[in-house]
Amino acid sequence: MPFNTISVVGLGYIGLPTAAVFASRKKKVIGVDVNQKAVDIINRGQIHIVEPDLDMVVHAAVTEGYLHATTQPEPADAFLIAVPTPFKNNYEPDLTYIESASKSIAPVLKKGDLVILESTSPVGATEQMSAWLAEARPDLSFPQTHGDESDIRIAHCPERVLPGHVLRELVQNDRVIGGMTPKCSELAISLYKIFVQGECIVTNARTAEMCKLTENSSRDVGIAFANELSMICDKLDINVWELISLANRHPRVNILQPGPGVGGHCIAVDPWFIVSKTPEQARLIRTAREVNDSKPEWVIEKVKLAVAEHLQANPTKTAQEVTIACFGLAFKADIDDLRESPALAITESIAGMHPGKTLVAEPNIFELAEKHIGKLQLVQSEIALKEADIAILLVDHKEFKTVDKSDLTNKILIDTRGIW
Ligand code: SAJ
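Residues numbered from 1 in each chain as written. Predicted model: local features only at pLDDT ≥ 70, side-chain atom pairs only at ≥ 80, totals over all residues. Heavy atoms only, no water.

S.K.: Run through the sheet that holds strand β5 (residues 114-117), naming residues and quoting values.
M.R.: Within the open sheet, the eight strands sit side by side as β3-β2-β1-β4-β5-β6-β7-β8. Their pairing is mixed. Both edges of this open sheet fall to β3 (67-70) and β8 (200-204), since each of them pairs with a single strand only. Direction aside, the axes of adjacent strands within the sheet are offset by 25 degrees on average. Here helix α4 (residues 96-105) sits on the sheet and contacts β1 (5-9), β4 (78-81) and β5; the angle it forms with β4, its principal contact strand, is near 165 degrees. (Pairing = 2+ DSSP bridges. Helix = DSSP H or I, 4+ residues; strand = E, 2+ residues; numbered from the N terminus. Axes fitted to C-alpha atoms, helices over the stretch in contact; angles between N-to-C directions. Contact = heavy atoms within 4.5 Å.)

Written out as C-alpha cells, the structure is:
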C-alpha cells in the first residue's frame, strides 16, 4: 500500500529526525507537536534540538515542501507516535503522553490507516494505545477485536538510535517490528522500508516492547558491573582501568567502562519499566539501577576527602581558598545533552557544599543555565586546569583526552573516566 502522507506525533530527539528522513525520501510528512514554539521553529526550517546534520535535513525538507509541522493532527495514511514515556515518582511508567497523543489522532483516523508506537514503552502499552483508539472511534475496528480483519493496523517498532549518530543509525540499524497481527507487521515493514536499509524483523508487540527495554537494561547491568568494580578496586588499591583492560583480553570477557554514574533519558529510565511490572523477578535489574544511581554520591565523597587532604597539606589555607574544577557537564562524551547527567548532578552538589570557587569546563556549552549563575563559573579548560587545586574529570570529551599531562601535576585528580 502506498503511503502518500505520513504523520509523526512528537517532534523531539526521535520524532523530528524520523519525520525529516521520510521527507528526504520525498514523502509528504505532517509533524505534530503540542509545543507551539517547536512547531514554529521547524516551519522556519530550523531545529530546536542538537543532533549532528539534522539542521540541514530539516531545512531541506521544509523548504522543498515535504515537511510541515502543526499542533493539530491532520489525516494521514500512517501515524508514528514518538512522545516521551517518563516515570513517575514511584518509578511507575507514565503513559499520559501516549494517551493524549492517541486521543488527539483518533478523530482523523480512517479505514486502512497504520498507527505505530515508537516511544519506549512498558510491556502492554501498544495494546493499551489500541484500546484508547478503539474507545474514541467505535465506528472503526481494531486488531484486539478483529485480528487481521481490522480497519486500523497497529504495531510497536521501538527506536534504538544512539544520540549523536541518529541520522546514520535510523537508516542503517535493524528494526524490530511488533505488529498486533501479522497484517499489522506487514504494513509496518512496508512503511519502514521507505528509508531503513537494515533488516526489518517481525515479532509481536509485547516482545518488541520488551526487546527495547532488554537492550537498555543489558547495558545498564553491564555498566553497573564496571561501576561496582571501580568501587571494589578503590578499596583494594587496584587500578580498575588496568584491571578491565587485562580482563578484556580474555576471548569471552567484555567489561564496559566505569564512570560517574549513568545518565541520559534512556538507560537510566527504561530498566524501571521492567522492574515496575515484575518487581519480584527483576532483582538484578533493580540492583544495577541502584548501583549506577549511587555512583555520583560516591564521587562526591571522594571530593570531600580530597578537600580535607588538600587542607591538611596546606595548613595555612581555608576551605574558601580551595578551587575545585569540574571537567564536563554532559551525560556522555562529545554531546551537549545535560538530561539526567551525573556530571551535572555532581557539579551542582559540589557548588552547593563548597565555600570556595567551583569552576566548570564544558567545551560543548557556551552559557550556564540561570540557576547556576553565581554558583558556578564556566571557564576554558586551560584556565580550569591552571587554577584548580582539585580537578575532577567527569566526562571523557575529546578535548580533555589531549590535555598536557604536565598541566595535571601539583593538584589532586579525581578521574571518574580513567583518561588522565
Ligand atoms: N556509560 C558508562 N560506561 C560505558 C558506557 C556508557 O558509564 O561503558 C554511561 C554514559 O557515560 C552515559 C550512559 O552510560 O552516561 C548512557 O550512555 P550510552 O552511550 O550507553 O547510551 P545512550 O543513553 O546515549 O543511548 C542508549 C543506546 N542503547 C544501547 O546502547 C543499548 C541507544 O542505542 C538507544 O537507542 C538509546 O539508549 C535509547 O534511545 O533508548
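S.K.: Can you explain the domain arrangement of the chain? Please cite residues and give values.
M.R.: Splitting the chain by domain gives domain 1 (5-198) and domain 2 (217-415). Using C-alpha coordinates to define each centre, domain 1 is positioned 35 Å away from domain 2. Between domain 1 and domain 2, roughly 1,200 Å² of surface is buried when both sides are summed, and carbon and sulfur atoms account for 66% of that area. At the junction of domain 1 with domain 2, the criterion picks out zero salt bridges. Remark: the boundary between domain 1 and domain 2 carries one residue pair in polar contact (both at pLDDT 80 or more). Of the residues contributing to the side of domain 1 that touches domain 2, the split by class is 10 nonpolar, three polar and one charged. (Domains from an automatic or database assignment. Buried area = accessible area lost by both parts, 1.4 Å probe. Salt bridge = Lys/Arg side-chain N within 4 Å of Asp/Glu carboxyl O. Polar contact = N/O pair within 3.5 Å; in protein donor to acceptor, adjacent residues only side chain to side chain. Nonpolar A, V, L, I, M, F, W, Y, C, P; charged D, E, K, R; others polar.)

S.K.: I'd like to hear about helix α12 (residues 283-313), residue by residue, with values.
M.R.: Between the first and last C-alpha of α12 there are 45 Å, a value that for 31 residues agrees with the 45 Å anticipated at 1.5 Å per step. Taken as a whole, α12 carries its principal kink of about 30 degrees at Lys295; the proline Pro296 stands between one and four residues after it. (Expected span 1.5 Å × (residues − 1). Bend = angle between axes of the 7 residues up to and from the residue.)

S.K.: Mind laying out the pairing of strand β2 (residues 28-32), listing which residues take part and the relevant values?
M.R.: Within β2, four of the five residues are buried, which leaves it mostly tucked inside the rest of the structure. The pairing of β1 with β2 spans five bridges and is classified as parallel. Looking across to β2, one finds that Thr5 is bridged to Lys28. Across four bridges, β2 lies against β3 in parallel orientation. Within β3, the position partnered with Gly31 by the bridge is Ala69. (Buried < 20%, exposed > 50% of the residue type's maximum accessible area, 1.4 Å probe, protein only.)

S.K.: How would you sum up the UniProt feature "domain: UDP-glucose/GDP-mannose dehydrogenase C-terminal" (unreviewed entry) in the chain? Please name residues and give values.
M.R.: UniProt tags residues 325-419 as "domain: UDP-glucose/GDP-mannose dehydrogenase C-terminal" (unreviewed entry). Helix makes up 24% of residues 325-419 and strand 18%. Its end C-alpha atoms lie 16 Å apart. (UniProt positions renumbered as here; feature names shortened; annotations may be inferred.)

S.K.: Residue-level account of the environment of Gly261, with values.
M.R.: Positionally, Gly261 belongs in the loop between α10 (240-247) and α11 (270-277). Excluding anything up to four places from it in sequence, Gly261 contacts Asn227, Asn292, Lys295, Pro296 and Pro342.

S.K.: Describe unusual backbone geometry, naming the residues involved and giving the relevant values.
M.R.: Positive phi outside glycine occurs at Asp53, with the angle close to 70 degrees. With respect to the helices and strands, Asp53 occurs in the loop between α2 (36-43) and α3 (54-63). The partly exposed category is assigned to Asp53, whose relative accessible area is 47%. A positive phi angle is found at Tyr91, which is not glycine, with a value near 70 degrees.

S.K.: Describe the pattern of salt bridges, with residues and values.
M.R.: Under the definition given, this model contains 20 salt bridges. The residue Arg137 makes a salt bridge to Asp139 at a minimum N-O spacing of 2.8 Å. Judged by relative accessible area, which is 54%, Asp139 ranks as exposed. Of the charged contacts, one joins Lys398 and Glu399 as a salt bridge, the two residues approaching to 3.8 Å between their closest N and O atoms. Judged by relative accessible area, which is 52%, Lys398 ranks as exposed. Overlapping salt bridges, with partners in common, bring together Asp77, Lys110 and Asp113 in one network.

S.K.: Give a description of the packing of aromatic side chains that names residues and reports values.
M.R.: Think of a pair of aromatic rings as described by two things: how far the centres are apart, and how the planes are tilted against each other in angle. With the rule as written, the count across this model stands at six aromatic pairs. Note on Phe87 and Tyr91: the rings are 5.0 Å apart at their centroids and 70 degrees apart in plane angle, and the pair reads as edge-to-face. Overall, Phe87 belongs to the partly exposed group, its relative accessible area being 29%. Judged by centre distance (6.5 Å) and plane angle (75 degrees), the ring pair of Tyr192 and Phe195 falls under edge-to-face. There is no split in this pair, since Tyr192 and Phe195 are both buried. Grouped by ring-pair contacts, the aromatic residues Phe22, Tyr192 and Phe195 constitute a single cluster. Across the ring face of Tyr13, the terminal group of Arg339 is positioned such that the distance to the ring centre comes to 3.9 Å. (Phe/Tyr/Trp six-rings, centres within 6.5 Å; stacked < 30°, edge-to-face > 60°. Lys NZ or Arg CZ within 6 Å of the ring centre and 35° of its normal.)

S.K.: Could you give an account of the state of the cysteines, naming the residues involved and the relevant values?
M.R.: For the structure on display, the rule yields zero disulfides. Between Cys157, a free cysteine, and Cys200, which holds the nearest cysteine sulfur, the sulfur-to-sulfur gap is 8.1 Å. Given a relative accessible area of 0%, Cys157 falls into the buried group. (Disulfide = S-S within 2.5 Å.)

S.K.: Would you mind going over the side chain of Ser102 in detail, with residue names and values included?
M.R.: Looking at the element boundaries, Ser102 is found in helix α4. For Ser102, a relative accessible area of 1% puts it in the buried group. Looking at Ser102, its side chain comes within polar contact range of the main-chain oxygen of Ile98, at 2.6 Å. When near neighbours in sequence (up to four residues on either side) are disregarded, Ser102 contacts Ile81, Met129, Trp132 and Leu133.

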